[in-house]
Structures are given as C-alpha cells and as structure tokens.
Amino acid sequence: MTYLALLLAHLLAALFFIGTVFFEVLMLAPIARRVPKTAMRTVEMELGRRARRIMPWVLLVLYGAGLGLAWQHRALLAAGGAPAWLLGAKIALALSVFGHFIAVMVLTRRGAMTGQRSRLIHRSVFVHVLLIVVLAKSLFYFPF
C-alpha cells in the first residue's frame, strides 16, 4: 500500500474515531442531564449497539494504517531526537487508547461496566486523543 493510501486511511479513521469520542464527551454527556433517564438510556443503548458494529472496523483501519505508517518512519524512531520522541509518545498514547478499548470489551462481557466506569474511560480516551492530535501536528514543526 502506498504511503498516501496509508496516510489517508489513517486520517479518515482517526477523524471518525475522534469525532465519535468528542460527540460522546462534549455533546451527549451534557445532554444526558436534561433528558429523561429512560429516553437517554434508549439513546445510549442504540448508540452503543451501532458503535459495536462500526468501531471495530474503524479501529482496524486506524491501527492497521498506523502500523504501516510507523513502519515507514522506523528510521525516524531509530534516529532519536525530538521528532522520534514525539512520534514515540504518540504511539504510546495510541496503544493506551487501544488498551482502553480492550478494557471496555472485557468489562462489558463480564457485566462489570458501570456508568461511572464508562464516563471515566470516555474522558480518559478524550484526553488521550487530544494529546495524540497535538503531538501529530507538532511533528510538522521539526525537520526530518
């Protein structure tokens, strides 16, 4: 796969994933306080059902293309310096987000996913993706 195809696949999947996280944290959570609990529960169940169908594919594209891009930049990682540090931190945060996704799957299967845990995980992923975007954009300011 060409570099451009990897980059576009990664960016589009990232837009979808980050947009979903932003929507849930910045739009849906505040609305939940003003909507009747039964209506909100229905909306959350349907969003969850839809996310469980789509998000694994989005994450497959996101992480698959990310691995391809990391392979393309392996010399940068080996060279060290600020760009390598930024890229390494971005990869570490991305792995942490993947860990969050695995934790959600395990907690849900065990029936241990609570509203509090869900909110905490969503907020954590929100901060992680913000930092990933900042690090990704910061890479443009360092010569390769």
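Counting restarts for each chain, with residues numbered from 1 along the sequence as it is written. The predicted origin of the model limits local features to residues at a pLDDT of at least 70 and limits the giving and counting of side-chain atom pairs to 80 or more, whereas totals for whole chains, interfaces and linings rest on all residues. Neither water nor hydrogens contribute to the side-chain values; these are computed over all heavy atoms in the structure.

1. Some details on the pattern of salt bridges
Okay, step 1: Basic side-chain nitrogens of Lys or Arg form a salt bridge, by our definition, when they fall within 4 Å of a carboxyl oxygen of Asp or Glu. Counted under the stated rule, the structure contains one salt bridge.
Okay, step 2: Arg49 is the partner of Glu46 in a salt bridge, and the nearest nitrogen-oxygen pair spans 2.5 Å. Here Glu46 pairs with Arg49, and both are found in helix H2 (residues 37-72), just three residues apart, close to one helical turn.
Okay, step 3: To sort residues, take the accessible area from a 1.4 Å probe on protein chains only and compare it with the maximum for the residue type: under 20% means buried, over 50% means exposed, and anything in between is partly exposed. Of the residues examined, Glu46 reaches a relative accessible area of 42% and is grouped as partly exposed.
Okay, step 4: With a relative accessible area of 42%, Arg49 lands in the partly exposed category. For the purposes of this entry, the term helix denotes a DSSP run of H or I that reaches at least four residues, the term strand denotes a run of E that reaches at least two, and both are numbered from the N terminus.

2. Let's talk about H2
Okay, step 1: Bending of H2 peaks at approximately 35° at the position of Arg52, with proline Pro56 no more than four residues after it.
Okay, step 2: Among the residues of H2, those classed as buried are Met40, Gly48, Met55, Val58, Leu59, Leu62, Tyr63, Ala65, Gly68 and Leu69.
Okay, step 3: In the core, the buried residues of H2 are packed alongside helix H1 (3-32) and helix H4 (82-110). To get the bend at a residue, fit one axis to the 7 residues ending there and another to the 7 starting there, then take the angle between the axes. Every residue pair with non-hydrogen atoms within 4.5 Å of one another is taken to be in contact.

3. Topic: the environment of Gly68
Okay, step 1: Structurally, Gly68 is set in helix H2.
Okay, step 2: For Gly68, a relative accessible area of 17% translates into the label buried.
Okay, step 3: With 61 residues separating them in the primary sequence, Gly68 and Leu7 have C-alpha atoms 8.9 Å apart.

4. Regarding the layout of surface pockets
Okay, step 1: The way it works is a 1 Å grid over only the protein atoms, where trapped points that fit a 1.4 Å probe form a cavity and open points with protein on both sides within 12 Å along at least five of seven lines form a pocket, and then any residue with an atom within 4 Å of a point lines it. Grid points are joined across faces, edges and corners, and a volume is the space filled by probe spheres set on the points. The volume enclosed by the largest pocket comes to roughly 1,600 Å³.
Okay, step 2: Lining of the largest pocket is provided by 37 residues; of these, Glu24, Glu44, Gly48, Ser118 and His122 occupy positions nearest its centre.
Okay, step 3: When contributions to the lining of the largest pocket are tallied by element, the ones reaching two or more residues are H1, H2, H4 and helix H5 (115-138).
Okay, step 4: Broken down by element, the residue count for the lining of the largest pocket peaks at 11 residues, all from H2.
Okay, step 5: Residues are sorted three ways: Asp, Glu, Lys and Arg are charged, Ala, Val, Leu, Ile, Met, Phe, Trp, Tyr, Cys and Pro are nonpolar, and all the rest, Gly among them, are polar. Taken together, the residues of the lining of the largest pocket break down into 20 nonpolar, eight polar and nine charged.
Okay, step 6: Volume-wise, the second largest pocket comes out at about 1,000 Å³.
Okay, step 7: If you go around the second largest pocket, you meet 31 residues; those closest to its centre are His10, Leu69, Lys90, Ile132 and Ala136.

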